[in-house]
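Each chain is listed here by its residues.
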Amino acid sequence: MAACSSSSSSSQKTWIVHGILAGTAIAAAIGARAYLGRSRKFRSRVVGIIPARYASSRFEGKPLVQILGKPMIQRTWERSKLASTLDHVVVATDDERIADCCRGFGADVIMTSESCRNGTERCNEALEKLEKKYDVVVNIQGDEPLIEPEIIDGVVKALQLAPDAVFSTAVTSLRPEDGLDPNRVKCVVDNRGYAIYFSRGLIPYNKSGKVNPDFPYMLHLGIQSFDSKFLKVYSELQPTPLQLEEDLEQLKVLENGYKMKVIKVDHEAHGVDTPDDIEKIESLMRERNLS
């Protein structure tokens, strides 16, 4: 796939890891402490999993939609393969149409159950079916065909550097005009770069009830990485009230008291939520000379 322009690429390939390593390792309770004596190899084996399903209330068959002549799932897979921290990349799906398409362009596919309630559960099932063992699982959203491999590397390194966290993710600056869009998930973090909360509503929310154009709101990017041992724990946890109300998987992590590391990156989000987004993505790719 062709590269972006040098100026755009240099800015998008910059990530800022917030905070410092501190605190008691909550992750020790799920086995992370076993790694601490081997710092050079701490969480060193990493797999990227792209969960994909055909059924969708807003956009059925979304992974297979064509974007400038290639299925969207293929474009996401190709970008993910460029990440230097990933030892392996697989697609996890419950649909043979998606599986056949992915095998056609060379991707490894793990078939998963239709009963998976979300992408995280699908990642966990795929992890259990992989022959090799991995320390970190990166859940890569299949509807981010322009995902930067450096962002994938950023969330992996953030988790490797924070043994008290079991989960890491990325945010970028939120455009003021997207402040009230429920499809744009917002995030707030503490002074050390750990997540406080995620919401489909505007957070923080001021007394005026309006978006403050001068406030640095943060937009959550879909990518997230888990300690592989915690991923198994996560799937066994019962759904939580905030998770259900906001329909956001990551809130179950916070509601159960686990720590989540957040990095801020310079990235203009271009996810595909509806059919109308396809034209926008293709126009952007033409501008960047991506094929």
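Thresholds applied
- Throughout this document, residue positions are counted from 1 along each chain, in the order its sequence is written.
- Residues qualify for local features only when their pLDDT is at least 70, as the model is predicted, and side-chain atom pairs are given and counted only at 80 or more; totals for whole chains, interfaces and linings, by contrast, use all residues.
- Hydrogens and waters are ignored; side-chain quantities use all the structure's heavy atoms.
- Nonpolar cores are built from buried Ala, Val, Leu, Ile, Met, Phe, Trp, Tyr and Cys residues. Side-chain atoms within 4.5 Å join them into one set.
- Summary of the burial criterion: residues with accessible area below 20% of their type's maximum are buried, those above 50% are exposed, and those between are partly exposed, where the area comes from a 1.4 Å probe applied to protein chains only.
- Starting at the N terminus, helices and strands are each numbered in turn, a helix being any DSSP run of H or I of at least four residues and a strand any DSSP run of E of at least two.
- Between two residues, a contact is recorded if the distance between any of their heavy atoms is within 4.5 Å.
- Between any two strands, at least two bridges found by DSSP are needed for them to pair.
- Note on handedness: a clockwise path from strand one over the helix to strand two, with the strands aimed away from the viewer, defines a right-handed crossover.
- Confidence scores here are pLDDT values: one per residue, from the predictor, ranging 0 to 100.
- Under this definition, polar contacts are N or O atom pairs within 3.5 Å; protein pairs additionally need one hydrogen-donor-capable and one acceptor-capable atom, and for neighbouring residues in sequence, both atoms have to be side-chain atoms.
- Here a Phe, Tyr or Trp ring, Trp counted by its six-membered ring, pairs with any other such ring whose centre lies within 6.5 Å, and the pair is stacked when the planes are under 30 degrees apart, edge-to-face when over 60, and tilted otherwise.
- Counting as a charge over the ring demands two things of the Lys NZ or Arg CZ atom: a distance within 6 Å of the ring centre and an angle within 35 degrees of the ring normal.
- Every case where a carboxyl oxygen of Asp or Glu lies within 4 Å of a side-chain nitrogen of Lys or Arg is listed as a salt bridge.

(A) Representation of the nonpolar core in the model. Counting 33 residues, the largest nonpolar core has Leu86, Cys102, Val138 and Ile152 as the members making the most contacts within it. Where this core is concerned, the elements lending two or more residues are strand 2 (46-52), helix 2 (72-80), strand 5 (88-93), helix 3 (96-104), strand 7 (136-139), helix 5 (149-160), strand 11 (218-227) and strand 12 (260-265). Sorting elements by how many residues they give to this core places helix 5 first, with 6 residues. In contact with Leu86, not counting residues within four places along its chain, are Val46, Val47, Gly48, Ser80, Val138, Ile140 and Ile152. Within the second largest apolar cluster, 31 residues are counted, among which are Ile110, Ala195, Leu248 and Leu251.

(B) Spotlight on the pairing of strand 5. Of all 6 residues in strand 5, 5 are buried, a share of seventy percent or more. Both strand 5 and strand 6 (residues 108-111) contribute to a ladder of 4 bridges, which runs parallel. When the bridges of strand 6 are listed, Val91 appears paired with Val109. The parallel pair strand 5 and strand 6 is bridged by helix 3, and the resulting crossover is right-handed.

(C) Inspection of the confidence of the model for the protein chain at higher detail. The share of residues in the protein chain with pLDDT of 70 or more is 85%, and the mean pLDDT across the chain is 85. A low-confidence stretch, residues 1-40 stays under pLDDT 50, and its non-local contacts, those more than four residues away or across chains, total 86 contacts.

(D) A look at the side chain of Ser80. As for its placement among the helices and strands, Ser80 is situated in helix 2. A polar contact of 2.8 Å, which involves the side chain of Ser80, links it to the backbone oxygen of Thr76. Ser80 has contacts with Ile50, Leu86, Val89, Ile140, Ile147 and Ile152, leaving out every residue within four places of it along the chain.

(E) Quick peek at the packing of aromatic side chains. Following the criterion strictly, the structure yields 7 aromatic pairs and no others. Where Phe226 meets Phe230, the ring centres are 6.4 Å apart and the plane angle is 20 degrees; that geometry is what we call stacked. Under the relative-accessibility criterion, Phe226 is labelled buried at 1%. Taking relative accessible area as the criterion, Phe230 reaches 0% and is therefore assigned buried. Among the aromatic residues, those joined into a ring-pair cluster are Phe167, Phe226, Phe230, Tyr234 and Tyr258. Above the ring of Tyr234, the side-chain terminus of Lys252 is found at 4.1 Å from the ring centroid. For Lys259, the ring lying beneath its charged end belongs to Tyr194, and the centroid distance is 4.9 Å.

(F) Region of interest: the side chain of Asp227. Considering the arrangement of structural elements, one finds Asp227 in strand 11. Owing to a relative accessible area of 0%, Asp227 belongs among the buried residues under this scheme. Only 3.0 Å separates the side chain of Asp227 from the side chain of Arg43, close enough to count as a polar contact.

(G) Main features of unusual backbone geometry. Of note, the amide linkage connecting Ile203 to Pro204 takes the cis form, showing an omega dihedral of -5 degrees. Along the chain, Pro204 turns up in the loop between strand 10 (195-199) and strand 11. In this structure, Leu68 takes a positive phi of about 50 degrees despite not being glycine. Here Leu68 is to be found in the loop between strand 3 (66-67) and strand 4 (70-71). Owing to a relative accessible area of 29%, Leu68 belongs among the partly exposed residues under this scheme.

(H) How the structure looks around the pattern of salt bridges. For the structure on display, the rule yields 14 salt bridges. The partner of Asp277 in a salt bridge is Lys280, with the nearest N and O atoms 3.8 Å apart. In this pair, Asp277 and Lys280 both sit in helix 9 (residues 276-287), 3 residues apart, roughly one turn of the helix. Look at Asp277 and you get buried, because its relative accessible area is 12%. Classification of Lys280 as exposed rests on a relative accessible area of 57%. Through salt bridges with shared partners, one network takes in Glu96, Asp100 and Arg103.

(I) Expanded view of the pairing of strand 12. Of all 6 residues in strand 12, 5 are buried, a share of seventy percent or more. Pairing of strand 8 (residues 167-173) with strand 12, which is carried by 5 bridges, proceeds in the parallel orientation. Each residue of the ladder has a partner; that of Ala170, found in strand 12, is Ile263.

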